[in-house]
Amino acid sequence: MNDPVGPLPASWLGELKALLGPGGYLDAAADRAPFETDFRALYHGDTPLVALPDSTARVAELVRWCAAHRVAIVPQGGNTSYCGGATPRPGGRELVLSLRRMHRIRALDPAGDAMTAEAGCVLAGLQEAAAAAGRLLPLSLGSEGSCTLGGVISTNAGGTAVLRYGMMRALVLGLEVVLPDGRVLDQLTALAKDNTGYDLKQLFIGAEGTLGVVTAACLRLHPRPQSTVTAFAAVPDPAAALALLARLRGAAGHALSTFELLPRVALELVLRHVPGTREPLAGVQPWYVLVEFGLHEPEAAARERVEATLAAAIAAGEISDVVLAATLAQRDALWRLREEIPFAQRREGVSLKHDIAVAVQRVPEFIAAGAAAIASLVPGARLVTYGHLGDGSLHFNVSAGAGDDGASLRAAENTVRQAVHGLVARCRGSISAEHGIGQLKVAELERYEDPVALAVMRDLKRALDPLGIMNPGKVLAS
Ligand code: 2HG
Ligand code: ZN
């Protein structure tokens, strides 16, 4: 968008307030402030007004007004983007749009395994509603207590159960979207089969609000497993973890829902910074995996089956030690050792993040080459790489050395990023596995994406949003 400068005219703000009605906006500086920065406070912008419409019709009206006045809109869900995807840019001319007043579950059909909900619903609430109906909404991630349906759809969120259930794209049956000209695209159906032309809903999933505003979705639910078995195992190295993954998938098939890898250094950060956490196994081991199975058989039989498979893995040298959760509290304790890593790493001090993916079988080779690159570029820095090995998706994060103020790591940020992303490109991997592009990776996308793919993305953006009012400067340069 060709941005004019200066604040929006007061008369325009008056029109917006009238359009949104009482309770439909925030304009006091203190109320706007939390929407003007991301949860890590790395990005800062300004918005004259946070719009809080309470219906799809009102969103459509707002978008039509914005199109007529060439005013940009920045949709924001739970505001936990790692890439500045939901933060307005400086200048005070971009409206933030929050759908938090649109939080109704419109329909829940357990027999049809479908639930239709509005974009402002918080993920944890939707998980609970599905559970109360005897079904599972399997998207599971650290921010589930605050992230919203619109946010997880717009970022195609992943998390820790992707191995079994797929990312958000696999969980959306239908979508309702307000297009950048204010028309409402109603594809809010629960059809398992629908081959009537292009699958338009997929365009908006993972588009980070750059092609329209997702206002509601119909979600695919799953049966709840009868029993859950969770294990935390020590493995000698990532190659052994990979062999274990193959063994577990061979034995359990889709019952294996989680396979997370973490190094000793990550566990140590959690033990240091998260009160109430304890060593899960005796001794110091170089690598660990957290695995979980959801089985459709009684608890005792499920445990027995998993124990037999793990015993075979021990015999094969893939596992050196393992503990199975015997209670719900133990399960939670094992999960915390994995889920608290981002928090613990933040508490430890300066770190760099790389959200990458490669083909699963290339993970060990990638970790070895990446570790060597980090060691030569920033001697003393600690590689804290962990994540969703079952999906080939790693948080290839780097923390400053213990006691180091992080200045040299910060100074090396671009060089390290280029080295890591260069390695990803050589492996034909992804420089953004689950956190999106936002503002952070716009230049990286241009650099690494296939030029034909980039040109098609630009064509789509121009076709749907010719005025460039939808979340400008995110994903693609505006
Ligand atoms: C996770 O897997 C999240 O815990 C956050 O995707 C990763 O903080 C990170 O780098
Ligand atoms: Zn992750």
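Asker: I tried to follow the overall build of the protein on my own but got confused; where do I start?
Answerer: For the protein, the count of helices and strands is 18 helices and 19 strands. What you see for the protein is a C-alpha radius of gyration of 23 Å, in line with the 23 Å of a compact globule of 478 residues. When contacts within the protein are restricted to residue pairs at least 6 apart in sequence, those whose partners lie at least 24 apart make up 75%. Summed over all atoms, the accessible surface of the protein reaches about 19800 Å², with 54% contributed by carbon and sulfur. For the protein, the separation between the mean place of its 45 positive charges and that of its 49 negative charges on side chains is 2 Å.

Asker: Help me understand the nonpolar core, please; the structure alone is not making it clear to me.
Answerer: Nonpolar side chains tend to gather and get buried jointly when the protein is soluble and globular. By size, the foremost hydrophobic cluster in this structure holds 48 residues, and its most contacted members are Phe259, Val289 and Phe366. Counting only elements with at least two residues in this core, the list comes to strand E12 (227–235), helix H9 (238–252), strand E13 (256–263), strand E14 (287–295), helix H11 (299–315), helix H14 (363–377), strand E19 (393–399) and helix H16 (413–426). Grouped together as the second largest cluster of nonpolar side chains are 30 residues, Leu141, Cys147, Ile153 and Met168 included.

Asker: How do you make sense of the coordination of the zinc ion (ligand 2) when you look at a structure like this?
Answerer: A metal bound by six donors in octahedral fashion has ideal angles of 90 or 180 degrees, whereas one bound by four tetrahedral donors has an ideal angle of 109.5 degrees. Summarising the metal site, the zinc ion (ligand 2) is bound by the protein donors His388 (NE2), His395 (NE2) and Glu434 (OE), whose distances to it range over 1.8 to 2.2 Å. Between the donor residues of the zinc ion (ligand 2), the gaps in sequence give the motif H-x6-H-x38-E. Of this pair, His395 sits in strand E19 while Glu434 sits in the loop between H16 and helix H17 (442–448), and the two are 39 residues apart along the sequence. As far as the burial class goes, His395 and Glu434 line up, both buried.

Asker: Would you mind going over the site of ligand 1 with me for this structure?
Answerer: Around ligand 1, the neighbouring residues are Tyr82, Arg338, Pro342, Lys353, Tyr386, His388, His395, Asn397, Glu434 and His435. Note that an oxygen atom of ligand 1 is positioned 2.9 Å from one of the side-chain N or O atoms of Tyr82. In the environment of ligand 1, an oxygen atom lies 3.0 Å from a nitrogen or oxygen atom belonging to the side chain of Asn397. Contributing elements (two or more residues each) for the shell around ligand 1: strand E18 (382–388) and E19. A breakdown of the residues in the shell around ligand 1 according to their chemical character gives three nonpolar, four polar and three charged.

Asker: Please explain the packing of aromatic side chains as it appears in this structure.
Answerer: For any pair of aromatic rings, geometry is given as the distance between the ring centres together with the angle between the planes. Under the definition given, this model contains four aromatic pairs. For the ring pair Trp12 and Trp65, a centre distance of 5.9 Å and an interplane angle of 90° mean the geometry is edge-to-face. Of the two residues, Trp12 sits in helix H1 (residues 10–20) while Trp65 sits in helix H3 (residues 56–69), which places them 53 residues apart along the sequence. On the accessibility criterion, Trp65 (9% relative accessible area) is buried.

Asker: Looking at this structure, I do not really get the sheet that holds strand E6 (residues 114–118). What am I missing?
Answerer: Taken in spatial order, the five strands line up as E5-E6-E10-E8-E9 in an open sheet, and their pairing is antiparallel. Lying at the two open borders of the sheet, with one neighbouring strand each, are strand E5 (105–109) and strand E9 (184–187). This sheet shows a mean twist of 15° between the axes of neighbouring strands, independent of strand direction. With four bridges connecting them, E5 and E6 associate as antiparallel partners. Within E6, the position partnered with Ile105 by the bridge is Ala117. Each of E5, strand E8 (172–178), E9 and strand E10 (213–220) touches H3; the most contacted strand, E8, lies at about 45° to it. Most of the contacts of helix H4 (residues 123–132) go to E6, to which it runs at about 150°, and overall it touches E5, E6 and E10.

Asker: Sorry, what's going on with the pairing of E10 here?
Answerer: Across a regular strand the side chains alternate sides, sitting on one face of the sheet and then on the other. The element E10 is extensively covered by neighbouring structure, given that seven of its eight residues are classed as buried. Across five bridges, E6 lies against E10 in antiparallel orientation. Following the sheet pairing, Ala114 is matched in E10 by Arg220. Bridge count between E8 and E10: six bridges; the pairing is antiparallel. Bridge assignment links Gly174 to a residue of E10, and that residue is Cys218.

Conventions and cut-offs
- Residues numbered from 1 in each chain as written.
- Chains lettered and ligands numbered in written order.
- Predicted model: local features only at pLDDT ≥ 70, side-chain atom pairs only at ≥ 80, totals over all residues.
- Heavy atoms only, no water.
- Helix = DSSP H or I, 4+ residues; strand = E, 2+ residues; numbered from the N terminus.
- Rg over C-alpha atoms; globule rule 2.2 N^0.38 Å.
- Contact = heavy atoms within 4.5 Å.
- Areas by Shrake-Rupley, 256 points an atom, 1.4 Å probe, with all protein chains shown as cover.
- Lys, Arg positive; Asp, Glu negative; His and termini not counted.
- Charge placed at Lys NZ, Arg CZ, Asp CG, Glu CD.
- Core = buried A, V, L, I, M, F, W, Y, C linked by side-chain atoms within 4.5 Å.
- Buried < 20%, exposed > 50% of the residue type's maximum accessible area, 1.4 Å probe, protein only.
- Donors = N, O, S within 2.8 Å, 3.2 Å for Na, K, Ca; no water.
- Near = heavy atom within 4 Å.
- Polar contact = N/O pair within 3.5 Å; in protein donor to acceptor, adjacent residues only side chain to side chain.
- Nonpolar A, V, L, I, M, F, W, Y, C, P; charged D, E, K, R; others polar.
- Phe/Tyr/Trp six-rings, centres within 6.5 Å; stacked < 30°, edge-to-face > 60°.
- Pairing = 2+ DSSP bridges.
- Axes fitted to C-alpha atoms, helices over the stretch in contact; angles between N-to-C directions.

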